[in-house]
Amino acid sequence: EAAVTQSPRSKVAVTGGKVTLSCHQTNNHDYMYWYRQDTGHGLRLIHYSYVADSTEKGDIPDGYKASRPSQENFSLILELASLSQTAVYFCASRQGNTGQLYFGEGSKLTVL
Amino acid sequence: AQSVTQPDARVTVSEGASLQLRCKYSSSVTPYLFWYVQYPRQGLQLLLKYYSGDPVVQGVNGFEAEFSKSNSSFHLRKASVHWSDSAVYFCAVSSYRGSALGRLHFGAGTQLIVIP
């Protein structure tokens, strides 16, 4: 069974502050993703990575940075958090030969 | 460009009744199609996927979906729902291949409420 763990599970941040969301996977998957979920909307892709030390922009990368220091770890960084970044963030991983994503349980971020 | 529309934000059915959740997609190429389910306070889990071949695909827990190229649809069905099926269901599409395959576009989701 795929295992993707996110931390923190919930965070309250102040506008203009820095936020780091972390993701760790134990499945030896090459691909990792960060998606954002807003209430009443589907998930949207922020950044993804298919190899350590390299990241790619997704569909809504503005205001976010990503870091993949190792195959197992993938972080999402908000350098200057804004109210509009209040959302639930999901990390996911994928094996290279299948389209199935394995999701973490999500990180709820509230920016005040 | 690709997009996914789930026209029903909420569906309520009685336990034991049949179910259909609708999904329409837009894609310039034949896409890969997915249904994911999200239970409360959990991440998304894959129900089923379609890549090619038989347009009716079977998934977990008795769910199935039918791909229709002519209608650009990928509707989810279940013959008899259980109260534990109550969740939010997402249809997703990917027109990418190779390293970008995991770049999914999700619909807004349909909340399924099963009345015991």
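First, a word on what this report is: a plain description of the structure on this page. Only a predicted model underlies this, so the values are computations on that prediction, with no experimental measurement involved.

**As for the overall build of chain A**
Each helix and strand counted, chain A has 0 helices and 11 strands in total. The secondary structure elements of chain A, listed N-terminal to C-terminal, are β-β-β-β-β-β-β-β-β-β-β. Since a compact globule built from 112 residues should have a radius of gyration of about 13 Å, the 13 Å found for chain A is in line with a globular shape. Put simply, chain A has 112 residues, and 49% of those count as buried. The long-range fraction of contacts in chain A, counting pairs at least 24 apart against all pairs at least 6 apart in sequence, stands at 54%. Within the structure as shown, chain A displays about 5,200 Å² of accessible surface, and the carbon and sulfur contribution to it stands at 49%. With 10 positive and 10 negative side-chain charges, chain A shows a separation of 7 Å between the mean positions of the two kinds.

**What to know about the nonpolar core**
Counting 27 residues, the largest nonpolar core has L19, W35, L47, L48, F74, L76 and Y89 of chain B as its most contacted members. Sorting the residues of this core by element identifies β2 (10-14), β3 (19-21), β5 (32-38), β6 (44-50), β8 (64-68), β9 (73-78), β10 (87-94) and β12 (110-115) of chain B as the ones contributing at least two each. Broken down by element, this core gets its largest block of residues, 4 residues, from β10 of chain B. Here L48 of chain B is in contact with L33, F34, W35, V57, Q58, G59, F63, E64, A65, F74 and L76 of chain B, once residues within four sequence places are set aside. Among the nonpolar cores identified, the runner-up in size contains 21 residues, and L45 and Y48 of chain A together with Y36 and A100 of chain B belong to it.

**Some points on the packing of aromatic side chains**
Given two aromatic rings, their pairing is described by the distance between the two centres and the angle made by the two planes. Enumeration according to the criterion identifies 18 aromatic pairs over all chains in this entry. Consider the rings of F34 of chain B and Y36 of chain B, whose centres lie 6.2 Å apart with planes at 35 degrees: the pair is tilted. Like Y36 of chain B, F34 of chain B is buried. Through successive ring pairs, a cluster of aromatic residues spans Y33, Y35, Y48, F90 and F103 of chain A together with Y32, F34, Y36, Y51, F90 and F106 of chain B.

**Comments concerning the state of the cysteines**
Here the structure, examined in full by the defined rule, presents 2 disulfides over all chains. Two residues, C23 of chain A and C91 of chain A, share a disulfide whose sulfurs are 1.9 Å apart. Residues C23 of chain A and C91 of chain A are joined through a disulfide that is left-handed, its torsion about the S-S bond being -80 degrees. Note that C23 of chain A is positioned in strand β3 (residues 19-25) and C91 of chain A in strand β9 (residues 87-94), a separation of 68 residues in sequence. Just as C23 of chain A is buried, C91 of chain A falls in that class too. Two residues share a disulfide in this structure: C23 of chain B and C91 of chain B, whose sulfurs sit 2.0 Å from each other. A torsion of -65 degrees about the S-S bond marks the disulfide between C23 of chain B and C91 of chain B as left-handed.

**Focus: the pattern of salt bridges**
Residue and element names in this part refer to chain A. The full count for this structure, using the stated rule, is 9 salt bridges over all chains. With a shortest N-O distance of 2.7 Å, E105 and R9 are connected by a salt bridge. Within this pair, whereas E105 is found in the loop between β10 (102-103) and β11 (107-111), its partner R9 is found in the loop between β1 (4-7) and β2 (10-13), the two being separated by 96 residues in sequence. Among the residues examined, E105 registers a relative accessible area of 44% and is labelled partly exposed. Judged by its relative accessible area of 39%, R9 falls in the partly exposed class. For R44, the salt bridge goes to D38, with nearest N and O atoms at 2.8 Å. On the accessibility criterion, R44 (38% relative accessible area) is partly exposed. Salt bridges linked by common partners bring R36, D38 and R44 together as one network.

What counts, and where the lines are drawn
- Residues numbered from 1 in each chain as written.
- Chains lettered and ligands numbered in written order.
- Predicted model: local features only at pLDDT ≥ 70, side-chain atom pairs only at ≥ 80, totals over all residues.
- Heavy atoms only, no water.
- Helix = DSSP H or I, 4+ residues; strand = E, 2+ residues; numbered from the N terminus.
- Rg over C-alpha atoms; globule rule 2.2 N^0.38 Å.
- Buried < 20%, exposed > 50% of the residue type's maximum accessible area, 1.4 Å probe, protein only.
- Contact = heavy atoms within 4.5 Å.
- Areas by Shrake-Rupley, 256 points an atom, 1.4 Å probe, with all protein chains shown as cover.
- Lys, Arg positive; Asp, Glu negative; His and termini not counted.
- Charge placed at Lys NZ, Arg CZ, Asp CG, Glu CD.
- Core = buried A, V, L, I, M, F, W, Y, C linked by side-chain atoms within 4.5 Å.
- Phe/Tyr/Trp six-rings, centres within 6.5 Å; stacked < 30°, edge-to-face > 60°.
- Disulfide = S-S within 2.5 Å.
- Salt bridge = Lys/Arg side-chain N within 4 Å of Asp/Glu carboxyl O.

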